[in-house]
Amino acid sequence: GLYDPDRSQKILEKGKEKEFTDFMTFWAEKYTTYKENKGEGLAILSESFSSPTMARLQKEFMKEYPNADWATFDPVSDSNIFDGLKIATNEDVRPNYDYSKAKVILSIDSDFTQTESENINANAGFASGRNLDDEHSEMNRLYMVESAFSSTGASADHRLVLKQKEIYNFVLGLAKALNVQNLESINVALPAQCQAWLGPLVDDLQKNQGQSLVVAGRRMPKEVHALICGINEVLKNNGSTILYTNLTDVSVSNISDLQVLTEKMRAGSVSTLVVLGGDPVYNAPADMKFVSALKKVETVIHNSLYVDSTGKQAQWHIPASHYLEHWSDARSSDGTASVVQPLIAPLFDGKSNIEILKFLSLI
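Just so it is clear, the model here is predicted, and its values are computed rather than measured.

Side chains that carry opposite charge are capable of pairing whenever their charged atoms lie near each other. Tallied over the full model, the rule gives 18 salt bridges. Between K18 and E13 there is a salt bridge whose closest N-O contact spans 3.7 Å. Assessed through its relative accessible area of 30%, K18 is described here as partly exposed. E60 is the partner of R56 in a salt bridge, and the nearest nitrogen-oxygen pair spans 3.1 Å. Taken together, the residues span about one helical turn, with R56 and E60 both in helix 2 (residues 52-64) at a distance of 4 residues. Owing to a relative accessible area of 29%, E60 belongs among the partly exposed residues under this scheme. Several salt bridges converge on common partners, so that one network encompasses E138, R141 and D204.

Okay, structure coming up:
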């Protein structure tokens, strides 16, 4: 992407090339208005991030403009996982799986070796459990429940194919079989193939308490992830093969916040929308009718690597710098903070989200 010839190279105002000084002059007038009304009518729509600096600037922005709105949206995200763990633990946490410690793994529609988050760590841990160091070693066992063939499913020792709508009942049946709390009164009807599969699976998991691991993919609803947390608790996996860390310096995708913002846009309550990356005109849920709501917004400012569908409808488009062109920082899933160092100076004088946020708050 760094040398992509289709990258945005010029600041545009309604399709006409401008300089950043022109945008500064434009924003100076807006800043006075929003400073006085504490951000009434101002909104930010960002992609998700995990960065101490971005998190600090977000707080500073909301302190500067307490009446402003902020929504975070990605078309593909782990929000179902976070929401499910919130139900189960009443805390904002994320799971960190240690596949290397698991002798028995049950994957519920989770292609953890390829398409899920942290798939590199998952690959390494899973592979180490399949490495026979000596004649007394025992390989891990992978049980896979999925609706479509996946790379992880190809490695499974036992694979059960179910329709997507049947997977929830399977998880519910598993939770009841393992005596997860507050499920005694729930009746679950399972197909014969599930019943035949469930007994040996439950037996294997119970024999490997603290050395097993049950995971679910991001496509599964939050209720499934809440159940999975309860299952791992009963199996004594929480704190052993799974560690939970707080969502620190993180802004995660939230479809509800996007819905609220879209309704405010449609009602004419948003006069300026700043889009930090992403292409919501293209990938926001169709039933939200984001595009028609966007037409009610007086000023749309778009910071992106490309003049995409959103950029074409924005009054101001500002080329974004590539992540290899600017300083930044990041916080990994286990909470480790690190520095992002640029390799070259910005090719097209692009601006990072950090620079844009700093400019909007402290002109």
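Additional details are given in the paragraphs that follow.
Here we come to the pairing of strand 16 (residues 328-331). Where strand 16 lies against strand 17 (residues 337-340), 4 bridges are found, and the strand directions are antiparallel. Bridge pairing in strand 17 links R331 to A337. Count of turn residues in the strand 16/strand 17 antiparallel hairpin: 5 residues, of which G335 carries a positive phi of about 95°.

With that settled, the discussion passes to the sheet that holds strand 10 (residues 212-216). Within the open sheet, the 4 strands sit side by side as 9-8-7-10. Their pairing is parallel. In this open sheet, the two edge strands, each paired with only one partner strand, are strand 9 (158-161) and strand 10. The mean angle between the axes of side-by-side strands here comes to 10°, regardless of whether they run parallel or antiparallel. Pairing between strand 7 (residues 104-108) and strand 10: 5 bridges, direction parallel. Paired with V104 across the strands is S212, a residue of strand 10. Along the sheet face, helix 6 (residues 164-177) touches strand 7, strand 8 (141-146) and strand 9 and points at about 145° away from the line of strand 7.

Our next topic: the packing of aromatic side chains. This structure, assessed with the given rule, holds 14 aromatic pairs. Look at F20 and F359: their rings are 5.5 Å apart centre to centre, the planes differ by 55°, and that puts the pair in the tilted class. In this pair, F20 is assigned in helix 1 (residues 20-36) and F359 in helix 13 (residues 353-361), connecting sequence segments 339 residues apart. With respect to class, F20 is no different from F359; both count as buried. An aromatic cluster is present here, built from F20, F23, F26, W316 and F359 joined pairwise through their rings.

Moving on, we come to the sheet that holds strand 2 (residues 16-18). Pairing within the open sheet is mixed, and its 7 strands lie in the order 2-1-15-14-13-3-5. The sheet is open, and its two borders are formed by strand 2 and strand 5 (69-72), each paired with just one other strand. The mean angle between the axes of side-by-side strands here comes to 20°, regardless of whether they run parallel or antiparallel. As paired strands, strand 13 (residues 272-276) and strand 14 (residues 299-304) are joined by 5 bridges and run parallel to one another. What sits directly across from T272, in strand 14, is T299. Contacting strand 3 (42-46), strand 5, strand 13, strand 14 and strand 15 (316-319), helix 13 crosses the sheet at an angle of about 155° to strand 13.

To continue, consider empty space enclosed by the protein. Overall, the coordinates contain 2 cavities of 30 Å³ or more when judged by the stated rule. Here the largest cavity is characterised by a volume of approximately 70 Å³. For the largest cavity, the full set of lining residues is I81, L85, P95, Y97, V214, A216, H225, I228, C229, N232, I242 and Y244. Top element by residues in the lining of the largest cavity is helix 8 (residues 222-234). It accounts for 4 residues. Looking at the lining of the largest cavity residue by residue, the class counts come to 10 nonpolar, 2 polar and no charged. The calculated volume of the second largest cavity comes to roughly 30 Å³. In this structure, the second largest cavity is lined by R94, T245, N246, L247, T248, V250, R331, S332, S333 and G335.

Each value, and the rule that gives it
- Residues numbered from 1 in each chain as written.
- Predicted model: local features only at pLDDT ≥ 70, side-chain atom pairs only at ≥ 80, totals over all residues.
- Heavy atoms only, no water.
- Salt bridge = Lys/Arg side-chain N within 4 Å of Asp/Glu carboxyl O.
- Buried < 20%, exposed > 50% of the residue type's maximum accessible area, 1.4 Å probe, protein only.
- Helix = DSSP H or I, 4+ residues; strand = E, 2+ residues; numbered from the N terminus.
- Pairing = 2+ DSSP bridges.
- Axes fitted to C-alpha atoms, helices over the stretch in contact; angles between N-to-C directions.
- Contact = heavy atoms within 4.5 Å.
- Phe/Tyr/Trp six-rings, centres within 6.5 Å; stacked < 30°, edge-to-face > 60°.
- 1 Å grid on protein atoms, 1.4 Å probe; cavity = no way out; pocket = protein on both sides within 12 Å on 5 of 7 lines; lining within 4 Å.
- Points joined across faces, edges and corners; volume = space filled by probe spheres on them.
- Nonpolar A, V, L, I, M, F, W, Y, C, P; charged D, E, K, R; others polar.

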